[in-house]
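Each chain, letter by letter, is given below.
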Amino acid sequence: MLIAADKFKGSLTAVEVAEHVTAGLRRAVPGLAVSAVPVADGGDGTVAAALAAGFTRHEARVTGPTGVPVTATFALRGDGTAVVEMAEASGLQHLPKGVFAPLTATTYGTGELLLAALDAGATSIVFGVGGSATTDGGAGMLAALGARFLDADGEPVAPGGGPLRDLATADLSGLDPRLAKTAIVLASDVDNPLTGPKGAPAVYGPQKGASEEDVATLDAALAHYAEVLARAVGPSAAEHALAPGAGAAGGIGYGALVGLDAAFRPGIDVMLDVLGFAPALAQATFVITGEGSLDAQTLHGKAPAGVAAAARAAGLDVVAVCGRLQLPQEALAAAGIRRAYALTDLEPDPARCMAEAGPLLERAAERLARDFLV
């Protein structure tokens, strides 16, 4: 049995999910051989999955999204591969509870975190983006890495996406030279462009506290930012603004594509490679995947869909565990998942379901084992 599940957000880490599923399986089938590859899709939880796979933990003190220092973690492997998660530095979890900063939140700390990875010896970086508090197009990140963004008076523009409306000139020549020798993969399940109806401000701004007026301000500011960058580095900057992934994490994807020469790949594909999923799959006869909510988003590049696709290609059966299930059986089958076991089937109260997720997951896994293994 191979357990390759993502976290249950707000209740269990991916490692804890695997532990509880294992316990439940072995209640029904004592001595069952079980292996686990906790997975992530590039969003929050990506570093934790890398650490579970044997990467070494590193910490850095960086600038949080509102300017308050925070401690951020990244993961590094002996071959020089680092996993850096922007949410560790610039994520929503670093905002004061209930207080958003849609116009002024900065990715500066993410740039500092990338520098820390370079200082630690990283020669290739998997850059997971998601869960951001920011909509600054990655300008803060690039500034921390040595870029200069100046207003008409030659002064640095203020942090955040809103002040980019005052941007007059951009200079990327001061970017840390080590970046040119570092392979950076932008790992994300988001394929939105930078601006427009499907861009970062319109689609994700409201989740970060942006009003309709804020969304319009941010969209115009990021469009202006892209125009200034096009004057600085050439037409590729305008092309990157339309590219899939440019709108990821408040446009930090755009900053990575333009300034870091990052290559965009679906986050789950990158992470399955980095975490050693293929060798584990080769030893498996049955696969269990899952995440907190199996819903329409799952089918668009989330971890369970990626795991199921790989397992189905290998001819293996896949079942899923989840907190709640919002997909019909036909959609599950189309994704390669034979059946899903939801905690809400055992405990319909969402609050209790989250609070008691571990024991409930063990019960669900025991039921799964009796259905498929006994």
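Rules used throughout
Residues numbered from 1 in each chain as written. Predicted model: local features only at pLDDT ≥ 70, side-chain atom pairs only at ≥ 80, totals over all residues. Heavy atoms only, no water. Buried < 20%, exposed > 50% of the residue type's maximum accessible area, 1.4 Å probe, protein only. Helix = DSSP H or I, 4+ residues; strand = E, 2+ residues; numbered from the N terminus. Pairing = 2+ DSSP bridges. Right-handed = clockwise from strand over helix to strand, strands pointing away. Lys, Arg positive; Asp, Glu negative; His and termini not counted. Salt bridge = Lys/Arg side-chain N within 4 Å of Asp/Glu carboxyl O. Polar contact = N/O pair within 3.5 Å; in protein donor to acceptor, adjacent residues only side chain to side chain. Contact = heavy atoms within 4.5 Å. Axes fitted to C-alpha atoms, helices over the stretch in contact; angles between N-to-C directions. Phe/Tyr/Trp six-rings, centres within 6.5 Å; stacked < 30°, edge-to-face > 60°.

**With respect to the pairing of strand E1 (residues 2-5)**
Okay, step 1: Along E1, one buried face is formed by Leu2 and Ala4 and the opposite face, lined by Ile3 and Ala5, is buried too.
Okay, step 2: Direction of pairing for E1 relative to strand E2 (residues 35-36): parallel, over a ladder of two bridges. Of the residues in E2, the one forming a bridge with Ile3 is Ala36.
Okay, step 3: Handedness of the crossover is the feature at issue here: the chain leaves E1, passes through helix H1 (residues 14-28), returns alongside E2, and the resulting connection is right-handed.
Okay, step 4: Note that E1 and strand E11 (residues 286-294) share four bridges and pair parallel. Bridge assignment links Leu2 to a residue of E11, and that residue is Val287.

**Some remarks on the side chain of Glu85**
Okay, step 1: Positionally, Glu85 belongs in strand E5 (residues 81-85).
Okay, step 2: Comment: no salt bridge for buried Glu85; closest opposite-charge side chain is Lys7, at 7.4 Å.
Okay, step 3: A distance of 3.2 Å separates a polar atom in the side chain of Glu85 from the backbone nitrogen of Gly45.
Okay, step 4: With near-sequence residues (within four places) excluded, Glu85 lies in contact with Gly43, Asp44, Gly45, Thr46, Val47, Leu113 and Gly128.

**Here we look at the sheet that holds strand E9 (residues 183-188)**
Okay, step 1: Spatially, E3-E4-E5-E6-E9-E10 is the arrangement adopted by the six strands of the open sheet, whose pairing is mixed. If you trace the sheet from one side to the other, it starts and ends with strand E3 (56-63) and strand E10 (263-266), each paired once. In this sheet, neighbouring strand axes are inclined to one another by 30 degrees on average, regardless of whether the strands run parallel or antiparallel.
Okay, step 2: Bridge count for E3 against strand E4 (residues 69-76) is eight bridges, and the pairing is antiparallel. From the neighbouring strand, Glu59 faces E4, where its bridge partner is Thr73.
Okay, step 3: The sheet contacts of helix H4 (residues 108-119) involve E3, E4, E5 and strand E6 (124-128), and relative to E3 the element is tilted by about 140 degrees.

**Quick word on the packing of aromatic side chains**
Okay, step 1: For the coordinates displayed, the defined rule picks out three aromatic pairs.
Okay, step 2: Ring geometry for Tyr225 against Tyr254: centres 5.7 Å apart, planes inclined by 75 degrees, an arrangement best described as edge-to-face. A residue pair is termed long-range when its members are at least 10 positions apart, and Tyr225 in helix H7 (residues 212-233) and Tyr254 in helix H9 (residues 248-259) qualify at 29 residues. The pair Tyr225 / Tyr254 is uniform in exposure class, with both members buried.
Okay, step 3: For the ring pair Phe286 and Phe372, a centre distance of 5.6 Å and an interplane angle of 55 degrees mean the geometry is tilted.

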